[in-house]
Amino acid sequence: MFTRMRLTIPVRLTGLLHHGTQDLVETRVVDRRGKKNEFGEDREFSMNASHEYVLRGTAIAGALKSACKIAYGDEHARAWGSSERPSLIAVDDALLAGGSPDRRTGNAINRYSGSVTDGSLFHHGVFPRGTRFTIILHAETRSPEDAAAARDALRACVQLIGSGAVAFGGRTNIGWGSVELNGNAHLETEDLHTVEGLARWLSGKPESEVTEAASSAPDSGVCTIELVWSPISTVFVGAAAVTRAQDKHAIASGQARNVVTPLMENGLPVVPGSSIRGVLRQRAARIARTVLANPDGWEDVTTHLQLATEPEIVQRLFGDTRRQGALRTHDSRAATRATVTADHVAIDRWTGGALDGERGAGDEARGGHLFSVQEAAARTWEPIRLDLRLDRLGSDAESRRASLCLLCLVLAELCTGHLTLGGHATRGSGLVAVQRLTWTPVPGLARGPEDGAYAGAWESGATDSVDPDDIEALTAHSREVARDLLARARALQPECGWAEVVTRADRERASSDAKAARTEEADNA
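First things first, this report covers the structure right here in the doc. This structure is a prediction, so every number in the text was calculated from the model and none was measured. (Residues numbered from 1 in each chain as written. Predicted model: local features only at pLDDT ≥ 70, side-chain atom pairs only at ≥ 80, totals over all residues. Heavy atoms only, no water.)

## Notes on the sheet that holds strand β15 (residues 268-271)
Item 1. One open sheet accounts for three strands, arranged β14-β15-β19; its pairing is antiparallel. Both outer strands of the open sheet, β14 (264-265) and β19 (332-333), are each paired with one neighbouring strand and no more.
Item 2. Note: β15 against β19, two bridges, orientation antiparallel. Within β19, the residue paired with Val-271 across the bridge is Ser-332. (Pairing = 2+ DSSP bridges. Helix = DSSP H or I, 4+ residues; strand = E, 2+ residues; numbered from the N terminus.)

Okay, structure coming up:
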């Protein structure tokens, strides 16, 4: 029995998409004044031999296989193969037509100083939200059992993509790579072991079925937390600056200015998921380190080492370079393009007057005008969305409870105004108020009695009576949401105490690292 199958799945991006190349990234240059090239080097999007942008089949296959494993266990292991037997399913590269990718800028923040790590500026080539492409999967089988396994696995892929359980490419922990179905999937089957099947194959008319996503999504083990928020002040996340050095014509015409514009997506200001994630992670690490009373010396290590040595409970939530964390954040876009412009100058510390010029020559006549910043002034934004994988928070209920306690504490600090989103926080930007918080678990999340405390739906601040322009009322309401979060944290606290679980997790990790070091030392001896 010889059967061929071909599944086509039209999809549309609901988040940015990045899939990098293997090309080497050149070292950033440093000019004679000691200033690094602020634009650095892009991490380009992958291309095929025809110089077309593609999402590699290996990346698609890996994401689908992992999603099947999470949702269905070993049910589809036969179709996806293993180290002992090849996969029955082959995946084509997905062609991304319709233009060139955009660029998204990022940097790393030093956990001790709170400032940008020197030399950490980087860029990713990304395709924007709304980009359409088609995923194509093939299967060839030679037995009825393999044919049934491949067909079931292909149908499962459609269900998973339709439910939003699959994300492709890199940086999925900040909401990139999420997709939705852009129409019905089509599964074509060619049975080449019969005369009728051969005749249909020769005529180019294989058996075809339309595969739709089921109304009930498979259990992906993901909870969704949404925060409906409004800014109390302006919000600023900057795109790359436009400087005089880049615009010779503007210099000659005398119209040159340094303007730092907000990060935009489809013409609207956006707070990226990476910024939200960084704010939450930095505060979570600070809380956990306070409980552990870690010794001094943390300020002398690199940013990557700071991440690698963060408390175990923080790494379970946010991950590190060795593993993916449980928390996934998404971008939040403004409803309007409203912005305000603020001009900035530098003050001479000796004379008290404005410094002449601007990062070089050409601006002396303008009284030391250094740069302008356009800050987002929209009052309505998309909710902040957090996806949480409980199975990555630990193998026991106490570990999961302790991690959720920490997350509640961090979100409570965001609600009270102790955390800000974006940059220029020292100048009053980024203060936010949370109007409503909603916790939505997926069906089937509670797998035991001990999970009941956090498997149920939960909501705080459910009201539409707060005027977003009434800052005093909005702030007071946000504090009420924070009180509800603290009450929930107390309800989730393990019986042995939250601090005990935090310290125990770090002791176990230290013991495991020491054992691994001894084993490595013995192997090298």
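## Details of unusual backbone geometry
Item 1. Of note, His-51 is a non-glycine position whose phi angle comes to about 60°, a positive value.
Item 2. Its location among the elements puts His-51 in the loop between β2 (42-43) and β3 (54-55).
Item 3. For His-51, a relative accessible area of 62% gives the class exposed.
Item 4. If you check the backbone angles, His-424 has positive phi at about 60° while not being a glycine. (Buried < 20%, exposed > 50% of the residue type's maximum accessible area, 1.4 Å probe, protein only.)

## Looking at the pairing of strand β7 (residues 122-126)
Looking down a regular strand, the side chains alternate between one sheet face and the other.
Item 1. Taking burial as the measure, the five residues of β7 include five buried ones, the bulk of the element.
Item 2. Side chains Phe-122, His-124 and Val-126 project from β7 onto one buried face, and the interleaved His-123 and Gly-125 project onto a second face that is buried too.
Item 3. Where strand β6 (residues 102-106) and β7 come together, five bridges link them in antiparallel fashion. Note that in β7 the partner of Arg-104 across the bridge is His-124.

## A short note on empty space enclosed by the protein
Item 1. Scanning the model with the defined rule gives three cavities of 30 Å³ or more in all.
Item 2. Looking at the lining of the largest cavity, the elements with two or more residues in it are α9 (397-415), β23 (432-440) and α11 (471-492).
Item 3. The biggest single contributor to the lining of the largest cavity is α9, with three residues.
Item 4. In the lining of the largest cavity, the residues fall into eight nonpolar, no polar and one charged. (1 Å grid on protein atoms, 1.4 Å probe; cavity = no way out; pocket = protein on both sides within 12 Å on 5 of 7 lines; lining within 4 Å. Points joined across faces, edges and corners; volume = space filled by probe spheres on them. Nonpolar A, V, L, I, M, F, W, Y, C, P; charged D, E, K, R; others polar.)

## Topic: the pattern of salt bridges
Oppositely charged side chains can pair when the atoms bearing their charge come close.
Item 1. Applying the stated criterion across every chain, the model contains 20 salt bridges.
Item 2. Residue Arg-323 pairs with Glu-312 through a salt bridge whose shortest N-O separation is 3.0 Å. Of this pair, Arg-323 sits in strand β17 (residues 323-324) while Glu-312 sits in helix α8 (residues 312-318), placing them 11 residues apart in sequence.
Item 3. The exposure class of Glu-312 is buried, given its relative accessible area of 9%. (Salt bridge = Lys/Arg side-chain N within 4 Å of Asp/Glu carboxyl O.)

## Some words on helix α6 (residues 273-292)
Item 1. Its 20 residues give α6 an end-to-end C-alpha distance of 28 Å, which sits within 8% of 28 Å, the value for a rise of 1.5 Å per residue.
Item 2. One or two residues past the end of α6 sits Ala-293, with phi positive at roughly 50°. (Expected span 1.5 Å × (residues − 1).)

## Some points on the packing of aromatic side chains
Item 1. Summed over the entire model, instances satisfying the criterion amount to four aromatic pairs.
Item 2. On the numbers, 5.0 Å between centres and 80° between planes, the contact of Phe-45 with Phe-127 is edge-to-face. You can see Phe-45 sitting in the loop between β2 and β3 and its partner Phe-127 sitting in the loop between β7 and β8 (132-141), a full 82 residues away along the chain.
Item 3. Taking the relative accessible area as the measure of exposure, Phe-45 reaches 1% and is therefore buried.
Item 4. Each member of the aromatic cluster is reached from another via a ring pair, and the members are Phe-45, Tyr-53 and Phe-127.
Item 5. Stacked on the ring of Trp-439, the Lys or Arg Arg-488 has its end atom at 5.4 Å from the ring centre. (Phe/Tyr/Trp six-rings, centres within 6.5 Å; stacked < 30°, edge-to-face > 60°. Lys NZ or Arg CZ within 6 Å of the ring centre and 35° of its normal.)

Treat this as a map of the structure, not an account of what it does.
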